[in-house]
Amino acid sequence: MTSSVASKRLFQEYRTLTNNPPDGITAGPVSEDDIFVWEALIQGPEDTPFALGVFPAELKFPRDYPLSPPSMKFTCDMWHPNVYPNGNVCISILHPPGDDPNHYESASERWSPIQSVEKILISVMSMLAEPNDESPANVDAARMWREKRGEYERIVRDNVRKGLGL
Amino acid sequence: MAEQTINIPQLLAVLLVGFLAVRWYFSSPDPNGGGSSRGSNTGRTRPVDPAQVEQVAQMFPQLSRRDIMWDLQRNGGSVQATTERVLGGRSLEVPPPSFQPRDLTSSAPTSSSPPSSTPRSLHPDLITRYNLASKISSQQTSGNSPASSSNATTSQGQGQGQGWSQNKNERQQLLQRRREEMILAARRKMEEKDKATGADEGN
C-alpha cells in the first residue's frame, strides 16, 4: 500500500520535473521499472569553482517516501565540506525531522513530506555554492575550504574538467 | 619499629610483583611472534626500514602500513618473513594502539590529503559513462547539425512543456537525451572558455 503511494508521488514528481525542469537540473528514474532509484544531473552554480561542471548523483527513495527522505550520493569526484568522501550528501533537507539531537538544524530545514526532489536538488545546488561549515562531512575538504581556499578551488576545478572528460 | 620491619618485606614483594608484571607485559608479544628473534625488539624498538615497508606494501596493497611495520619490527625487519606470513594466509596482527611508528606519523598527512582524490576517481567521466565520445566528435566536425537533426523528435514534445510522453520508452529516451545535451553543452562551454583563455594553460 505505502509503496504504491510512494511510486505515485514519485511518478508525479518526475512528470513535474520533466515539464518544468529547474535551471541546471535534470532528474528522473534510472529506469521506470524501479521508480525508487533516480539519477540526477546538477550543474555547478555560476561564479563558483563548480561552474560549468555537471555532477551526477544517485537518489534512493525509501518505500515510505515521502514520509522519509531519500538518500543522495554523488557518483563523481566531489570535493566539498558537506559531501562524504564516498559521495553521500549531508544536508539538512535530507534529514528526517527530529533526527538532530544537536539542534544544528531547525525542523523547517529538514525533510518533511511537503519537500520534494526538486527542492532537494535546488538545496544541493546552493550547498555547492555555499558550504555549511558546521558539522562537515568531509573534514579534510572543510579544513581546506576554510584555510586554503585556493587549493580547494583548484581541486574542485580539476574535478569539473575530469568529469567532462577534458 | 616492629611495624616497620613488617612493612619493608611487603614493599619489596610489591616491587617484585610489579617488576615481573611489567616484564611480562613487555615480553608477552614474543611467544606468538613466530619465534624469530626475541629480545632484540622488546626493550628498545629498532626503527623499521621504510624501504622494506614500501616493498611489502607494494606486494600487498590491501595491508595497512602500520600493520606491516608492526610485523617487520617484531620479526627483526625480515621482509621475507612478513611476506611468507601473508602468503601463508595468516593475517598480520593488529598492532596495539600505543604503536606509533615515526615514519608512519610523519608520512600520514602527505598520504592522506592528495590521494583522497585519487582513490575516489574510480568514477568514469561523464563522456565515458554515457558513451558520448562519438557525439563529441560529430559536434566538433560539423557545428550543431547532427545534434539538431536528432532533436527533431524532441521538438514535437517541446510544444507542451519539455516533452513528457505518455509512452514509457519514449520518456526514458527523452530523459536520456536531456542528460546528454546537458553534459555536451557544459563541455562545449568549457572548451569555449578554454579557447578564450588559451593564454593561461597553467591550470
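Conventions used here
Residues numbered from 1 in each chain as written. Chains lettered and ligands numbered in written order. Predicted model: local features only at pLDDT ≥ 70, side-chain atom pairs only at ≥ 80, totals over all residues. Heavy atoms only, no water. Buried < 20%, exposed > 50% of the residue type's maximum accessible area, 1.4 Å probe, protein only. Helix = DSSP H or I, 4+ residues; strand = E, 2+ residues; numbered from the N terminus. Pairing = 2+ DSSP bridges. Lys, Arg positive; Asp, Glu negative; His and termini not counted. Salt bridge = Lys/Arg side-chain N within 4 Å of Asp/Glu carboxyl O. Phe/Tyr/Trp six-rings, centres within 6.5 Å; stacked < 30°, edge-to-face > 60°.

(A) Main features of the pairing of strand β3 (residues 54-60) of chain A. All names here are of chain A. Within β3, five of the seven residues are buried, leaving the element largely enclosed by the surrounding structure. Note that strand β2 (residues 34-43) and β3 share seven bridges and pair antiparallel. Note that in β3 the partner of Val37 across the bridge is Lys60. Bridge analysis of β3 against strand β4 (residues 71-74) gives four bridges, and the strand direction is antiparallel. Each bridged residue has a counterpart across the sheet, and for Ala57 the counterpart in β4 is Phe74.

(B) Region of interest: the pairing of β2 of chain A. Residue and element names in this part refer to chain A. Burial runs high along β2: eight of the 10 residues are buried. Summarising the sheet, strand β1 (residues 25-31) and β2 pair through six bridges and their orientation is antiparallel. Looking at β2, one finds that Ser31 is bridged to Asp34. Here β1 folds back onto β2 in antiparallel fashion, the turn holding two residues.

(C) A look at the side chain of Asp67 of chain B. Within the secondary structure, Asp67 of chain B is located in helix α3 (residues 65-74). It is Arg66 of chain B that comes nearest to the buried, bridge-free Asp67 of chain B among opposite-charge side chains, at 5.1 Å.

(D) The arrangement of the environment of Ser4 of chain A in detail. Topologically, Ser4 of chain A is positioned in helix α1 (residues 2-19). Note: C-alpha distance between Ser4 of chain A and Tyr65 of chain A (61 residues apart in sequence) is 9.9 Å.

(E) Looking closely at the packing of aromatic side chains. Tallying each qualifying case throughout the model produces seven aromatic pairs over all chains. Relative to Trp164 of chain B, the ring of Phe11 of chain A has its centre 5.5 Å away and its plane inclined at 75°; by these criteria the two rings are edge-to-face. Here the residue Phe11 of chain A occupies a position in helix α1, and Trp164 of chain B occupies one in the loop between α9 (152-158) and α10 (168-196), the pair thus bridging two chains. What makes Trp164 of chain B buried here is its relative accessible area of 7%.

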